[in-house]
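Observations on the three-dimensional arrangement
Here is what each chain is made of, one letter per residue.
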Amino acid sequence: MNYISSRGRAPQLGFLDTLLAGLADDGGLYLPVSWPQLSHEQIASFKTKTYEEVAFEVLSPFIGDEIEPEILRGLINKAYSSFSDQSIAPLRHLEDEHYVLELFHGPTLAFKDVAMQLLALLMDHVLATRHQRATIVGATSGDTGGAAIEAFRGAEATDIFILYPDGRVSDVQRKQMTTAYEANVHALAIDGTFDDCQALVKGMFNDQAFRDRVRLAGVNSINWVRVMAQTVYYFTAAVALGAPERDISFSVPTGNFGDIFAGYVAKQMGLPIKQLMIATNVNDILVRTLETGTYARDTVVATSSPSMDIQVSSNFERLLFEVAGRDGARVQSYMDELRDEGQFTMDDAHLESIRRLFVAARVDQNETDAVMQDVQSRLKLILDPHTAVGLGAARKLAPGDGVPVVTLATAHPAKFPASVEAACHVHPTPPAHVAELLNRSEKSDFLANDLSAVESFIEANARITAKG
Ligand SMILES: *Cc1c(COP(=O)(O)O)cnc(C)c1O
(Lines give C-alpha, C1' and ligand atoms only; values in the text may rest on other atoms or scores of the structure.)
Protein backbone atom coordinates (compact mmCIF):
# COMPACT_ATOMS: atom_id res chain seq x y z
CA MET A 1 0.00 0.00 0.00
CA ASN A 2 1.24 3.51 -0.83
CA TYR A 3 0.51 6.70 1.08
CA ILE A 4 -0.20 10.24 -0.09
CA SER A 5 -0.10 13.56 1.72
CA SER A 6 -3.28 15.49 2.56
CA ARG A 7 -1.63 18.58 1.01
CA GLY A 8 -0.78 16.84 -2.25
CA ARG A 9 2.82 17.99 -2.71
CA ALA A 10 4.93 15.35 -0.91
CA PRO A 11 6.17 12.18 -2.61
CA GLN A 12 4.14 8.97 -2.21
CA LEU A 13 5.69 6.62 0.32
CA GLY A 14 5.35 2.94 1.12
CA PHE A 15 4.10 1.77 4.52
CA LEU A 16 7.46 1.58 6.30
CA ASP A 17 8.64 5.00 5.13
CA THR A 18 5.27 6.48 6.14
CA LEU A 19 5.75 4.95 9.58
CA LEU A 20 9.17 6.58 9.98
CA ALA A 21 8.25 9.94 8.43
CA GLY A 22 5.31 10.86 10.71
CA LEU A 23 4.51 14.23 9.10
CA ALA A 24 4.82 14.64 5.29
CA ASP A 25 7.43 17.03 3.83
CA ASP A 26 4.74 19.46 2.67
CA GLY A 27 3.34 19.70 6.21
CA GLY A 28 0.45 17.33 5.38
CA LEU A 29 -0.70 14.07 6.96
CA TYR A 30 -0.37 10.72 5.22
CA LEU A 31 -3.36 8.61 4.10
CA PRO A 32 -3.46 5.40 2.06
CA VAL A 33 -4.03 5.91 -1.70
CA SER A 34 -7.26 3.90 -1.34
CA TRP A 35 -9.30 2.29 1.45
CA PRO A 36 -8.91 -1.48 1.66
CA GLN A 37 -12.27 -3.30 1.44
CA LEU A 38 -13.21 -6.18 3.74
CA SER A 39 -16.04 -8.41 2.56
CA HIS A 40 -19.20 -9.13 4.55
CA GLU A 41 -17.99 -12.73 5.03
CA GLN A 42 -14.57 -11.67 6.26
CA ILE A 43 -16.06 -9.27 8.81
CA ALA A 44 -18.55 -11.94 9.93
CA SER A 45 -15.66 -14.37 10.45
CA PHE A 46 -14.18 -12.03 13.10
CA LYS A 47 -16.84 -13.31 15.53
CA THR A 48 -14.80 -16.37 16.37
CA LYS A 49 -11.37 -14.74 16.25
CA THR A 50 -9.15 -13.26 18.97
CA TYR A 51 -8.31 -9.55 19.07
CA GLU A 52 -4.82 -10.32 17.75
CA GLU A 53 -6.20 -12.35 14.83
CA VAL A 54 -8.62 -9.58 13.88
CA ALA A 55 -5.78 -7.05 14.12
CA PHE A 56 -3.72 -9.13 11.70
CA GLU A 57 -6.54 -9.22 9.14
CA VAL A 58 -7.53 -5.57 9.46
CA LEU A 59 -3.95 -4.25 9.36
CA SER A 60 -2.44 -6.51 6.68
CA PRO A 61 -3.91 -4.66 3.66
CA PHE A 62 -2.41 -1.37 4.94
CA ILE A 63 1.04 -2.94 5.19
CA GLY A 64 1.02 -5.06 2.03
CA ASP A 65 4.15 -7.10 1.43
CA GLU A 66 6.48 -4.78 3.35
CA ILE A 67 6.44 -7.01 6.45
CA GLU A 68 6.38 -10.82 6.30
CA PRO A 69 3.00 -12.11 7.57
CA GLU A 70 4.59 -14.30 10.24
CA ILE A 71 6.71 -11.41 11.51
CA LEU A 72 3.66 -9.15 11.63
CA ARG A 73 1.72 -11.77 13.61
CA GLY A 74 4.60 -11.99 16.08
CA LEU A 75 4.76 -8.20 16.54
CA ILE A 76 0.99 -7.97 17.09
CA ASN A 77 1.05 -10.77 19.67
CA LYS A 78 3.97 -9.19 21.51
CA ALA A 79 2.37 -5.71 21.46
CA TYR A 80 -0.79 -6.93 23.20
CA SER A 81 0.91 -9.33 25.63
CA SER A 82 1.42 -6.32 27.94
CA PHE A 83 -2.38 -5.91 28.37
CA SER A 84 -3.90 -7.10 31.63
CA ASP A 85 -7.19 -8.24 30.09
CA GLN A 86 -7.02 -11.22 27.78
CA SER A 87 -9.62 -9.87 25.40
CA ILE A 88 -7.54 -6.61 25.11
CA ALA A 89 -10.65 -4.43 24.62
CA PRO A 90 -13.56 -5.89 26.65
CA LEU A 91 -17.08 -4.67 25.94
CA ARG A 92 -19.45 -4.02 28.84
CA HIS A 93 -23.20 -3.47 28.71
CA LEU A 94 -24.37 -0.42 30.67
CA GLU A 95 -28.12 -0.19 30.17
CA ASP A 96 -30.62 -0.04 27.28
CA GLU A 97 -28.72 0.45 24.02
CA HIS A 98 -25.57 1.77 25.77
CA TYR A 99 -22.26 -0.10 26.01
CA VAL A 100 -18.71 0.89 26.97
CA LEU A 101 -15.59 -0.46 25.28
CA GLU A 102 -12.74 -0.62 27.81
CA LEU A 103 -9.57 0.48 26.05
CA PHE A 104 -7.56 1.10 29.24
CA HIS A 105 -6.11 -2.31 30.07
CA GLY A 106 -2.67 -1.47 28.67
CA PRO A 107 0.38 -0.65 30.82
CA THR A 108 -0.34 3.10 31.26
CA LEU A 109 -4.14 2.80 31.65
CA ALA A 110 -5.14 4.92 28.64
CA PHE A 111 -6.23 3.89 25.15
CA LYS A 112 -3.03 5.36 23.69
CA ASP A 113 -1.28 2.11 24.67
CA VAL A 114 -3.30 0.22 22.04
CA ALA A 115 -1.56 2.02 19.17
CA MET A 116 1.72 2.97 20.84
CA GLN A 117 2.67 -0.59 21.86
CA LEU A 118 2.38 -1.73 18.25
CA LEU A 119 3.94 1.39 16.72
CA ALA A 120 7.08 1.01 18.85
CA LEU A 121 7.60 -2.63 17.86
CA LEU A 122 7.03 -1.87 14.18
CA MET A 123 9.47 1.03 14.27
CA ASP A 124 12.20 -0.86 16.08
CA HIS A 125 11.74 -3.80 13.72
CA VAL A 126 12.10 -1.68 10.56
CA LEU A 127 15.13 0.17 11.85
CA ALA A 128 16.83 -3.03 12.97
CA THR A 129 16.32 -4.69 9.57
CA ARG A 130 17.68 -1.55 7.85
CA HIS A 131 20.60 -1.33 10.29
CA GLN A 132 19.55 2.17 11.23
CA ARG A 133 18.88 4.02 14.45
CA ALA A 134 16.41 6.80 15.20
CA THR A 135 15.74 9.27 17.99
CA ILE A 136 12.16 9.84 19.12
CA VAL A 137 11.39 13.23 20.58
CA GLY A 138 7.98 14.22 21.92
CA ALA A 139 6.24 16.67 24.23
CA THR A 140 3.53 15.59 26.64
CA SER A 141 0.94 17.16 28.87
CA GLY A 142 0.57 13.77 30.58
CA ASP A 143 -0.77 10.65 28.86
CA THR A 144 1.16 10.37 25.59
CA GLY A 145 4.61 10.59 27.20
CA GLY A 146 4.04 7.65 29.53
CA ALA A 147 2.52 5.53 26.77
CA ALA A 148 5.45 6.28 24.44
CA ILE A 149 8.11 5.59 27.09
CA GLU A 150 6.42 2.37 28.15
CA ALA A 151 6.30 1.26 24.52
CA PHE A 152 9.91 2.14 23.59
CA ARG A 153 11.73 1.17 26.83
CA GLY A 154 14.55 -1.23 26.00
CA ALA A 155 14.11 -0.81 22.22
CA GLU A 156 17.22 -1.77 20.27
CA ALA A 157 17.32 0.83 17.52
CA THR A 158 15.46 3.78 19.05
CA ASP A 159 16.20 6.24 21.83
CA ILE A 160 13.35 8.24 23.27
CA PHE A 161 13.35 11.72 24.84
CA ILE A 162 10.07 13.01 26.29
CA LEU A 163 9.75 16.63 27.38
CA TYR A 164 7.22 17.35 30.11
CA PRO A 165 6.45 20.56 32.03
CA ASP A 166 8.16 20.28 35.43
CA GLY A 167 5.59 20.30 38.25
CA ARG A 168 2.62 20.37 35.88
CA VAL A 169 1.78 16.68 35.42
CA SER A 170 0.07 14.38 37.95
CA ASP A 171 2.11 12.08 40.23
CA VAL A 172 0.98 8.96 38.39
CA GLN A 173 1.73 10.51 35.01
CA ARG A 174 5.23 11.62 36.10
CA LYS A 175 6.08 8.28 37.69
CA GLN A 176 5.05 6.49 34.51
CA MET A 177 7.77 8.49 32.72
CA THR A 178 10.52 8.58 35.37
CA THR A 179 10.56 4.96 36.54
CA ALA A 180 11.71 3.42 33.24
CA TYR A 181 15.42 3.02 34.00
CA GLU A 182 16.49 1.66 30.59
CA ALA A 183 19.43 3.51 29.01
CA ASN A 184 17.45 4.42 25.88
CA VAL A 185 14.77 6.31 27.86
CA HIS A 186 15.10 9.97 28.86
CA ALA A 187 12.36 11.86 30.70
CA LEU A 188 13.20 15.58 30.50
CA ALA A 189 11.59 17.91 33.04
CA ILE A 190 11.47 21.30 31.36
CA ASP A 191 11.32 24.52 33.33
CA GLY A 192 8.20 25.74 31.49
CA THR A 193 4.65 24.91 30.37
CA PHE A 194 3.33 22.23 28.02
CA ASP A 195 3.24 24.85 25.25
CA ASP A 196 6.96 25.55 25.87
CA CYS A 197 7.68 21.81 25.56
CA GLN A 198 5.75 21.65 22.30
CA ALA A 199 7.56 24.70 20.95
CA LEU A 200 10.92 23.05 21.76
CA VAL A 201 9.92 19.89 19.89
CA LYS A 202 8.74 21.95 16.92
CA GLY A 203 12.04 23.84 17.03
CA MET A 204 13.97 20.57 16.84
CA PHE A 205 11.92 19.30 13.88
CA ASN A 206 12.52 22.64 12.11
CA ASP A 207 16.30 22.47 12.68
CA GLN A 208 17.15 20.39 9.60
CA ALA A 209 20.82 19.83 10.53
CA PHE A 210 19.95 18.59 14.02
CA ARG A 211 17.07 16.56 12.63
CA ASP A 212 19.42 14.72 10.26
CA ARG A 213 22.22 14.22 12.80
CA VAL A 214 20.01 12.43 15.33
CA ARG A 215 17.54 11.04 12.74
CA LEU A 216 14.54 12.53 14.46
CA ALA A 217 11.27 10.58 14.34
CA GLY A 218 7.86 11.45 15.77
CA VAL A 219 5.17 9.32 17.41
CA ASN A 220 2.51 11.96 18.01
CA SER A 221 -1.08 11.39 17.02
CA ILE A 222 -0.61 12.44 13.39
CA ASN A 223 1.51 9.33 12.73
CA TRP A 224 -0.63 7.20 10.38
CA VAL A 225 0.19 3.99 12.22
CA ARG A 226 -1.52 5.22 15.37
CA VAL A 227 -4.78 5.80 13.50
CA MET A 228 -4.42 2.46 11.70
CA ALA A 229 -3.94 0.45 14.91
CA GLN A 230 -7.05 2.05 16.42
CA THR A 231 -9.37 0.82 13.63
CA VAL A 232 -9.15 -2.74 15.00
CA TYR A 233 -11.32 -2.30 18.10
CA TYR A 234 -14.17 -0.78 16.10
CA PHE A 235 -14.36 -4.12 14.29
CA THR A 236 -14.12 -6.33 17.40
CA ALA A 237 -16.76 -4.28 19.26
CA ALA A 238 -19.21 -4.03 16.35
CA VAL A 239 -18.96 -7.73 15.53
CA ALA A 240 -19.55 -8.66 19.18
CA LEU A 241 -22.86 -6.73 18.95
CA GLY A 242 -24.09 -8.34 15.74
CA ALA A 243 -22.31 -6.56 12.85
CA PRO A 244 -22.09 -6.95 9.91
CA GLU A 245 -25.77 -8.03 9.99
CA ARG A 246 -26.62 -4.96 11.99
CA ASP A 247 -25.62 -1.27 12.31
CA ILE A 248 -23.67 -0.04 15.35
CA SER A 249 -22.94 3.54 16.51
CA PHE A 250 -19.92 4.82 18.44
CA SER A 251 -19.41 7.78 20.78
CA VAL A 252 -15.77 8.87 21.00
CA PRO A 253 -14.24 11.26 23.58
CA THR A 254 -12.35 13.48 21.17
CA GLY A 255 -9.33 15.77 21.27
CA ASN A 256 -6.98 15.46 18.30
CA PHE A 257 -9.58 13.55 16.20
CA GLY A 258 -7.27 10.52 15.80
CA ASP A 259 -9.44 7.95 17.58
CA ILE A 260 -12.70 8.90 15.87
CA PHE A 261 -11.00 9.14 12.48
CA ALA A 262 -10.06 5.48 12.98
CA GLY A 263 -13.82 4.82 13.24
CA TYR A 264 -14.33 6.61 9.92
CA VAL A 265 -11.62 4.38 8.41
CA ALA A 266 -13.36 1.23 9.70
CA LYS A 267 -16.56 2.45 8.05
CA GLN A 268 -14.78 3.06 4.73
CA MET A 269 -13.46 -0.52 4.94
CA GLY A 270 -17.00 -1.90 5.08
CA LEU A 271 -17.99 -1.95 8.76
CA PRO A 272 -21.66 -0.88 9.08
CA ILE A 273 -21.29 2.07 11.44
CA LYS A 274 -24.47 4.13 11.67
CA GLN A 275 -23.36 7.19 13.62
CA LEU A 276 -19.96 8.45 14.68
CA MET A 277 -20.53 10.74 17.65
CA ILE A 278 -17.88 13.36 18.41
CA ALA A 279 -17.89 13.94 22.18
CA THR A 280 -16.06 17.02 23.48
CA ASN A 281 -15.77 18.84 26.79
CA VAL A 282 -16.12 22.65 26.77
CA ASN A 283 -13.13 22.84 24.43
CA ASP A 284 -15.61 22.39 21.64
CA ILE A 285 -13.96 23.50 18.40
CA LEU A 286 -15.36 20.44 16.59
CA VAL A 287 -18.92 20.92 17.83
CA ARG A 288 -18.81 24.55 16.71
CA THR A 289 -17.36 23.52 13.34
CA LEU A 290 -20.24 21.11 12.69
CA GLU A 291 -22.77 23.74 13.78
CA THR A 292 -21.41 26.68 11.78
CA GLY A 293 -18.99 25.38 9.13
CA THR A 294 -16.27 27.62 10.55
CA TYR A 295 -13.26 26.00 12.21
CA ALA A 296 -12.06 28.65 14.65
CA ARG A 297 -9.52 28.35 17.45
CA ASP A 298 -10.53 29.55 20.89
CA THR A 299 -8.65 29.67 24.19
CA VAL A 300 -8.15 26.38 26.01
CA VAL A 301 -10.08 25.89 29.26
CA ALA A 302 -8.79 23.39 31.86
CA THR A 303 -11.30 20.58 32.61
CA SER A 304 -11.32 17.22 34.42
CA SER A 305 -10.68 15.53 31.05
CA PRO A 306 -7.27 17.12 30.30
CA SER A 307 -6.42 14.88 27.33
CA MET A 308 -9.24 16.60 25.46
CA ASP A 309 -8.31 20.16 26.44
CA ILE A 310 -7.34 20.99 22.89
CA GLN A 311 -8.39 23.72 20.48
CA VAL A 312 -6.67 22.45 17.33
CA SER A 313 -7.61 18.95 16.20
CA SER A 314 -4.70 17.91 13.96
CA ASN A 315 -6.29 14.80 12.48
CA PHE A 316 -9.31 16.80 11.27
CA GLU A 317 -7.10 17.59 8.27
CA ARG A 318 -7.43 13.96 7.17
CA LEU A 319 -11.22 14.28 7.12
CA LEU A 320 -11.02 17.56 5.19
CA PHE A 321 -8.94 15.80 2.54
CA GLU A 322 -11.60 13.11 2.27
CA VAL A 323 -14.62 15.40 1.99
CA ALA A 324 -12.76 17.69 -0.43
CA GLY A 325 -12.55 14.76 -2.84
CA ARG A 326 -8.87 14.21 -1.94
CA ASP A 327 -7.93 17.61 -3.40
CA GLY A 328 -4.64 18.42 -1.63
CA ALA A 329 -4.55 21.97 -3.01
CA ARG A 330 -7.94 22.73 -1.42
CA VAL A 331 -6.74 21.37 1.95
CA GLN A 332 -3.60 23.51 1.66
CA SER A 333 -5.74 26.62 1.10
CA TYR A 334 -7.86 25.83 4.19
CA MET A 335 -4.67 25.41 6.24
CA ASP A 336 -3.19 28.66 4.89
CA GLU A 337 -6.37 30.44 5.93
CA LEU A 338 -6.14 28.91 9.42
CA ARG A 339 -2.52 30.05 9.77
CA ASP A 340 -3.22 33.59 8.57
CA GLU A 341 -6.66 34.25 10.09
CA GLY A 342 -6.87 31.76 12.97
CA GLN A 343 -9.90 30.17 11.29
CA PHE A 344 -11.33 28.90 8.02
CA THR A 345 -14.84 28.36 6.66
CA MET A 346 -15.68 25.21 4.75
CA ASP A 347 -17.47 25.07 1.40
CA ASP A 348 -21.13 24.05 1.88
CA ALA A 349 -20.62 20.76 0.06
CA HIS A 350 -17.73 19.83 2.38
CA LEU A 351 -19.73 20.72 5.50
CA GLU A 352 -22.72 18.69 4.26
CA SER A 353 -20.51 15.65 3.71
CA ILE A 354 -19.14 15.92 7.24
CA ARG A 355 -22.67 16.24 8.67
CA ARG A 356 -23.69 13.06 6.86
CA LEU A 357 -20.84 11.19 8.55
CA PHE A 358 -20.68 12.67 12.06
CA VAL A 359 -22.80 14.17 14.82
CA ALA A 360 -21.29 16.08 17.75
CA ALA A 361 -22.12 17.14 21.30
CA ARG A 362 -20.41 19.16 24.03
CA VAL A 363 -20.57 18.00 27.65
CA ASP A 364 -19.67 20.60 30.26
CA GLN A 365 -18.10 20.07 33.69
CA ASN A 366 -21.39 19.77 35.63
CA GLU A 367 -22.81 17.34 33.11
CA THR A 368 -19.62 15.26 33.21
CA ASP A 369 -19.72 15.04 37.00
CA ALA A 370 -23.44 14.17 36.89
CA VAL A 371 -22.82 11.28 34.48
CA MET A 372 -20.04 9.90 36.74
CA GLN A 373 -22.25 10.23 39.81
CA ASP A 374 -25.27 8.61 38.15
CA VAL A 375 -23.35 5.63 36.72
CA GLN A 376 -21.55 5.07 40.01
CA SER A 377 -24.64 5.24 42.20
CA ARG A 378 -27.06 3.28 39.99
CA LEU A 379 -24.80 0.89 38.08
CA LYS A 380 -21.89 0.66 40.57
CA LEU A 381 -19.40 1.46 37.83
CA ILE A 382 -16.69 4.12 38.09
CA LEU A 383 -16.01 5.99 34.85
CA ASP A 384 -13.02 8.23 34.22
CA PRO A 385 -13.93 11.82 33.23
CA HIS A 386 -13.05 11.35 29.52
CA THR A 387 -15.34 8.35 29.26
CA ALA A 388 -18.05 10.28 31.11
CA VAL A 389 -17.89 12.99 28.42
CA GLY A 390 -18.31 10.23 25.83
CA LEU A 391 -21.32 8.70 27.56
CA GLY A 392 -22.86 12.13 28.19
CA ALA A 393 -22.68 12.86 24.46
CA ALA A 394 -24.02 9.39 23.59
CA ARG A 395 -27.05 10.00 25.80
CA LYS A 396 -27.69 13.37 24.15
CA LEU A 397 -27.27 12.10 20.60
CA ALA A 398 -28.68 8.55 20.57
CA PRO A 399 -31.99 8.66 18.68
CA GLY A 400 -33.39 5.71 20.72
CA ASP A 401 -33.93 3.61 17.61
CA GLY A 402 -32.52 0.40 19.10
CA VAL A 403 -29.12 0.71 17.41
CA PRO A 404 -26.44 -0.14 20.00
CA VAL A 405 -24.20 2.80 20.96
CA VAL A 406 -20.68 1.97 22.08
CA THR A 407 -18.90 4.65 24.11
CA LEU A 408 -15.13 4.30 24.01
CA ALA A 409 -13.73 4.19 27.57
CA THR A 410 -10.39 5.88 26.90
CA ALA A 411 -8.84 5.89 30.39
CA HIS A 412 -8.95 3.94 33.66
CA PRO A 413 -10.56 5.97 36.48
CA ALA A 414 -7.48 5.43 38.69
CA LYS A 415 -5.53 7.62 36.31
CA PHE A 416 -7.62 10.61 37.42
CA PRO A 417 -8.38 9.87 41.10
CA ALA A 418 -8.87 13.48 42.22
CA SER A 419 -11.52 14.19 39.57
CA VAL A 420 -13.30 10.91 40.31
CA GLU A 421 -13.39 11.69 44.05
CA ALA A 422 -14.65 15.21 43.40
CA ALA A 423 -17.47 13.95 41.19
CA CYS A 424 -18.67 10.83 43.00
CA HIS A 425 -16.86 10.62 46.37
CA VAL A 426 -15.27 7.23 45.78
CA HIS A 427 -11.59 6.41 45.46
CA PRO A 428 -10.76 4.36 42.33
CA THR A 429 -8.30 1.55 43.08
CA PRO A 430 -5.31 1.45 40.75
CA PRO A 431 -4.17 -1.92 39.37
CA ALA A 432 -1.25 -3.39 41.35
CA HIS A 433 1.42 -2.59 38.76
CA VAL A 434 0.51 1.09 38.87
CA ALA A 435 0.22 1.28 42.66
CA GLU A 436 3.69 -0.23 42.85
CA LEU A 437 5.15 2.53 40.62
CA LEU A 438 4.42 5.15 43.23
CA ASN A 439 7.07 3.77 45.57
CA ARG A 440 9.87 3.55 43.03
CA SER A 441 12.74 6.01 42.76
CA GLU A 442 12.69 8.39 39.82
CA LYS A 443 15.11 9.09 37.00
CA SER A 444 14.78 12.36 35.09
CA ASP A 445 16.89 15.28 33.88
CA PHE A 446 16.00 18.91 34.53
CA LEU A 447 16.60 21.29 31.65
CA ALA A 448 16.00 24.99 30.97
CA ASN A 449 13.37 26.07 28.45
CA ASP A 450 16.11 26.61 25.86
CA LEU A 451 16.33 24.95 22.45
CA SER A 452 20.12 24.73 22.21
CA ALA A 453 20.41 23.30 25.73
CA VAL A 454 17.88 20.59 24.92
CA GLU A 455 19.47 19.80 21.54
CA SER A 456 22.95 19.52 23.16
CA PHE A 457 21.59 17.19 25.81
CA ILE A 458 19.99 14.95 23.18
CA GLU A 459 23.10 14.84 20.99
CA ALA A 460 25.22 13.93 24.01
CA ASN A 461 22.89 11.10 25.06
CA ALA A 462 21.31 9.63 21.90
CA ARG A 463 23.18 6.50 20.87
CA ILE A 464 23.30 7.65 17.26
CA THR A 465 25.49 10.66 18.14
CA ALA A 466 26.84 9.89 21.64
CA LYS A 467 30.63 9.63 21.81
CA GLY A 468 32.14 6.43 23.20
C1 LIG B 1 -5.74 11.25 23.85
C2 LIG B 1 -6.97 10.99 24.63
C3 LIG B 1 -8.26 11.30 24.11
C4 LIG B 1 -8.47 11.98 22.78
O5 LIG B 1 -8.13 11.18 21.68
P6 LIG B 1 -7.88 11.83 20.24
O7 LIG B 1 -7.42 10.71 19.38
O8 LIG B 1 -6.79 12.86 20.46
O9 LIG B 1 -9.13 12.46 19.78
C10 LIG B 1 -9.37 10.96 24.88
N11 LIG B 1 -9.24 10.39 26.10
C12 LIG B 1 -8.02 10.09 26.63
C13 LIG B 1 -7.96 9.48 27.99
C14 LIG B 1 -6.84 10.37 25.91
O15 LIG B 1 -5.65 10.07 26.47
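Structure report, in brief. Note that the structure is a prediction, hence the values are computed from the model and not measured.

Reading the values: rules and limits
- Residues numbered from 1 in each chain as written.
- Predicted model: local features only at pLDDT ≥ 70, side-chain atom pairs only at ≥ 80, totals over all residues.
- Heavy atoms only, no water.
- Near = heavy atom within 4 Å.
- Polar contact = N/O pair within 3.5 Å; in protein donor to acceptor, adjacent residues only side chain to side chain.
- Areas by Shrake-Rupley, 256 points an atom, 1.4 Å probe, with all protein chains shown as cover.
- Nonpolar A, V, L, I, M, F, W, Y, C, P; charged D, E, K, R; others polar.
- Buried < 20%, exposed > 50% of the residue type's maximum accessible area, 1.4 Å probe, protein only.
- Helix = DSSP H or I, 4+ residues; strand = E, 2+ residues; numbered from the N terminus.
- Pairing = 2+ DSSP bridges.
- Contact = heavy atoms within 4.5 Å.
- Axes fitted to C-alpha atoms, helices over the stretch in contact; angles between N-to-C directions.

This part is about the site of the ligand. Near the ligand you find 15 residues, and of these Lys112, Gly255, Asn256, Asp259 and Thr410 are the closest. A distance of 2.7 Å is found between an oxygen atom of the ligand and a backbone nitrogen or oxygen belonging to Asn256. Within the contact set of the ligand, an oxygen atom lies 3.3 Å away from a backbone nitrogen or oxygen of Gly258. Calculation on the ligand without its partners gives an accessible area of 390 Å², and the protein chains cover 96% of this total. A class-by-class count of the residues in the shell around the ligand yields five nonpolar, seven polar and three charged.

Time to look at the pairing of strand β5 (residues 98–102). β5 sits mainly inside the fold: five of its five residues count as buried. Side chains His98, Val100 and Glu102 of β5 all project onto a buried face; the interleaved residues Tyr99 and Leu101 project onto the opposite face, where all are buried too. With antiparallel pairing between neighbouring strands as the criterion, strand β4 (residues 91–95) and β5 make up a hairpin whose turn holds two residues, including Asp96 at a positive phi of roughly 50 degrees. In the sheet, β5 pairs with strand β15 (residues 405–409) via five bridges, with the strands oriented parallel. Directly across from Glu102, in β15, lies its bridge partner Ala409.

Let's shift gears to the sheet that holds strand β16 (residues 445–447). If you trace the five strands from one edge of the open sheet to the other, you get β9-β6-β7-β8-β16, paired in parallel fashion. What marks the edges here is a single partner per strand, and that holds for β9 (216–217) and β16. Bridge count for strand β7 (residues 158–165) against strand β8 (residues 185–190) is six bridges, and the pairing is parallel. Bridging across to β8, Phe161 finds its partner in His186. Sheet contacts for helix α20 (residues 451–461): β6 (134–139), β7, β8 and β16; angle to β8, the most-contacted strand, approximately 165 degrees.

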